[in-house]
Amino acid sequence: MRDKKGIFGKFISIQRYFIFLQKNENEGIRNVRFCPKAHRFLKPMSFVPYLASFPEFRITRTIETMGRFKVALSIFFCICFSNCTNDKPVENTKNNTSKSTNTTAQFRAIESQNSGIDFVNKVDEFNSKINYFSYTYLYNGAGVATGDLNNDGLPDIFFQSNFVGAFLFVNEGNMKFNKINLSESLFNKKAVGTGISLVDINADGLLDVYLCYSGPANMPQNLKANKLLINKGNFQFEEQAEKYGLANTENSSQASFFDYDKDGDLDMYLVNTNSDFQRTHEMYQLKKLQHGDQVLGQFHAQDRLYRNDAGKFTDVTQSA
């Protein structure tokens with residue numbers, strides 16, 4: 001056809017504007033009758049020269065074909081919908097009914113007054129030192145981890161907050177939790193709390209807790225030290241990040257523990273982020289990146305890989 005839309009497309013669009021074509025026995029148009037509102041869209045008889053510009057198609061042929069096309073299209077959709085409903089015959093009505101009802105009850109909300117979990121991550125948006133303009137990650141939230149900290153077979157919940165420490169909720173069973181008050185000295189309340197990981201780092205059968213911290217670019221790095229809480233049993237913890245070599249101060253987001261060197265103990269991969277966005281472009285200059293850790297360390301944003309050497313973690317980022 002000579003037109004992108006074709007005769008059918010033009011006929012359909014004009015038909016939407018209530019235009020009616022009548023044909024005579026000689027396969028020609030006898031008149032074109034418009035409804036009262038049609039003149040707003042098209043001039044009278046404008047459709048006739050359009051069809052006349054296609055000598056290879058007869059007008060009546062087009063109209064009749066269009067009618068057959070609509071009928072065929074209707075039959076096609078009826079067959080499709082019929083096949084869709086009959087593709088999978090119902091073999092067991094009882095089983096199908098039970099499945100359909102179960103899918104509507106996958107989760108059940110439990111109010112805090114019933115569960116005992118009343119944790120709220122409070123963010124002070126009007127803090128003059130740590131706010132969105134000084135620390136863009138302010139609204140990223142902190143972390144949460146679940147694990148059986150007392151080996152009673154029930155998963156407990158450990159929440160890390162941005163500014164007010166971390167909170168432990170002990171699972172008492174039947175979706176009831178008891179909040180344990182931990183010493184504030186265990187946490188870094190001068191920085192922004194981020195990720196949390198539960199790991200049996202000393203292989204004594206008790207899950208320990210690793211907490212990550214970050215903060216604005218103008219915050220002294222020594223204030224951003226990560227914390228490692230060694231589980232002493234009965235929900236007693238001792239902070240030993242320095243002892244294990246894991247008191248990283250480079251704007252950490254999350255830590256992952258795994259045995260990368262296959263020696264039977266857990267190593268650690270630490271994700272750090274850049275908080276100095278005014279210098280972000282410098283990090284992507286190839287010449288500076290080629291200098292490696294010495295330059296990247298200025299941004300306190302390079303991820304770190306720590307190898308566990310008999311309980312003491314060594315930074316092997318460059319050598320690995």
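**Q** Is there a simple way to explain the overall build of the protein in this structure?
**A** If you tally the helices and strands in the protein, you get eight helices and 14 strands. Across the 320 residues that make up the protein, the buried fraction comes to 36%. Considering only intrachain contacts with a sequence separation of at least 6, the fraction spanning at least 24 residues in the protein is 51%. Summed over all atoms, the accessible surface of the protein reaches about 20,000 Å², with 54% contributed by carbon and sulfur.

**Q** Got a minute to help me understand the sheet that holds strand β14 (residues 312-315) in this structure?
**A** Note on sheets: strands pair through backbone hydrogen bonds, and any given pair is parallel or antiparallel. Here four strands make up an open sheet; going across it, the order is β11-β12-β13-β14 and the pairing antiparallel. Sheet topology places β11 (252-258) and β14 at the edges, where each strand pairs with a single neighbour. Taken pair by pair, the neighbouring strands of this sheet meet at an average axis angle of 25°, ignoring direction. Two elements, strand β13 (residues 304-309) and β14, share four bridges in a ladder whose sense is antiparallel. Looking across to β14, one finds that N308 is bridged to F313.

**Q** Before we go on, may I ask you to explain the environment of F257 in this structure?
**A** In this fold, F257 is placed in strand β11. Since its relative accessible area comes to 16%, F257 is described here as buried. The spacing of F257 and D200 is 57 residues in sequence and 9.5 Å in space, taken between C-alpha atoms. Once residues within four sequence positions are removed from consideration, F257 is found in contact with S197, V199, I201, Y210, L246, L266, D267 and M268.

**Q** Explain the environment of C212 here, please?
**A** Examined against the element boundaries, C212 turns out to sit in strand β8 (residues 208-214). C212 sits 21 residues away from A191 along the chain, and the two C-alpha atoms are 9.6 Å apart. Non-local contacts of C212, meaning those with residues more than four positions away in its chain, are made with Q160, V192, G193, T194, G195, N226, S252, S253, Q254, A255 and L270.

**Q** Is there a simple way to think about the packing of aromatic side chains in this case?
**A** Both the distance between ring centres and the angle between the ring planes are used here to describe each pair of aromatic rings. Tallied over the entire structure, the rule returns eight aromatic pairs. With a centroid separation of 5.8 Å and an interplanar angle of 55°, the aromatic rings of F119 and F167 are classed as tilted. Taken together, the residues span a long stretch of sequence, with F119 in the loop between α5 (112-115) and β3 (143-147) and F167 in strand β5 (residues 166-173) at a distance of 48 residues. F119 gets classed as partly exposed once you look at its relative accessible area, which sits at 22%. When the centroid spacing of 6.2 Å and the interplanar angle of 80° are considered together, the rings of F158 and F237 count as edge-to-face. Of this pair, F158 sits in strand β4 (residues 156-160) while F237 sits in strand β10 (residues 236-239); the two residues are 79 residues apart in sequence, bridging distant segments of the chain.

**Q** Quick question: what am I supposed to make of a nonpolar patch on the surface here?
**A** A cluster of nonpolar side chains, namely F258, Y260, Y269 and V271, defines an oily patch on the protein surface of about 300 Å² accessible area. Tracing the chain through its elements places Y260 in the loop between β11 and β12 (267-272). On the basis of relative accessible area, Y260 is assigned to the partly exposed category, the value being 30%.

**Q** Hey, could you run me through unusual backbone geometry in this one?
**A** Among all residues save glycine, negative phi is the norm, and among peptide bonds the norm is trans. One non-glycine residue, M175, lies in the positive phi region at around 60°. On the secondary structure map, M175 appears in the loop between β5 and β6 (176-180). Even without a glycine there, the phi angle at A310 is positive, about 55°. Turning to its location among the elements, A310 is positioned in the loop between β13 and β14. Owing to a relative accessible area of 81%, A310 belongs among the exposed residues under this scheme.

**Q** I would appreciate a short explanation of the sheet that holds β3 in the present structure.
**A** On the basis of which strands lie adjacent, the open sheet formed by four strands has the order β3-β4-β5-β6 and antiparallel pairing. For this open sheet the edge positions go to β3 and β6, each flanked by a neighbour on one side alone. This sheet shows a mean twist of 25° between the axes of neighbouring strands, independent of strand direction. With five bridges connecting them, β3 and β4 associate as antiparallel partners. Each bridged residue has a counterpart across the sheet, and for G143 the counterpart in β4 is Q160.

**Q** Just to check I follow, could you spell out the pattern of salt bridges for this structure?
**A** Any two side chains of opposite charge can pair, so long as their charged atoms come close to each other. One pass over the full model with this rule turns up five salt bridges. A salt bridge links E238 to K232, with the nearest nitrogen and oxygen atoms 3.8 Å apart. Take E238: its relative accessible area is 38%, and that puts it in the partly exposed class. One network of salt bridges, with partners in common, ties together E250, R304 and D315.

**Q** Help me understand the nonpolar core in this model?
**A** F158, L168, L182, F187, V209, L229 and F237 are the most contacted members of the largest nonpolar core, which has 25 residues in total. Secondary structure elements with two or more residues in this core: β5, β7 (192-199) and β8. Among residues more than four places away in sequence, those in contact with L168 are L149, D156, I157, F158, N178, K179, I180, L182, F235 and F237. Listed in part, the 16 residues of the second largest apolar core include L228, A241, A255 and M268.

Reading guide: rules and limits
- Per chain, residues are indexed from 1 in the order of the written sequence.
- The predicted nature of this model means local features are confined to residues of pLDDT at least 70 and side-chain atom pairs, given and counted, to a pLDDT of 80 or more, with totals for whole chains, interfaces and linings taken over all residues.
- Remark: hydrogens and water are excluded; side-chain values derive from all non-hydrogen atoms of the structure.
- The helix count covers DSSP runs of H or I at least four residues long, the strand count covers runs of E at least two residues long, and both are numbered beginning at the N terminus.
- Buried, partly exposed and exposed residues are distinguished by accessible area as a fraction of the type maximum, computed with a 1.4 Å probe on protein chains only: under 20%, between the cut-offs, and over 50%, respectively.
- Should any heavy atoms of two residues lie within 4.5 Å, those residues are considered in contact.
- Areas reported here follow the Shrake-Rupley algorithm with a probe of radius 1.4 Å; residue values treat only the protein chains shown as occluding.
- Any two strands are treated as partners once DSSP identifies two or more bridges connecting them.
- Fitted lines through C-alpha atoms give the axes, limited to the stretch in contact for helices. The angle between two N-to-C directions lies from 0 to 180 degrees.
- Between rings of Phe, Tyr and Trp, where Trp is taken as its six-membered ring, a pair exists when centres lie within 6.5 Å; planes separated by under 30 degrees are stacked, by over 60 edge-to-face, and by other angles tilted.
- Like charges within 9 Å and nonpolar side chains (Val, Leu, Ile, Met, Phe, Trp, Tyr) within 5 Å are joined into patches, using only residues over 30% in relative accessible area that form no salt bridge.
- By convention in these notes, a salt bridge is any Lys or Arg side-chain nitrogen within 4 Å of a carboxyl oxygen on Asp or Glu.
- In plain words, nonpolar cores are sets of buried Ala, Val, Leu, Ile, Met, Phe, Trp, Tyr and Cys residues tied together by side-chain atoms within 4.5 Å.

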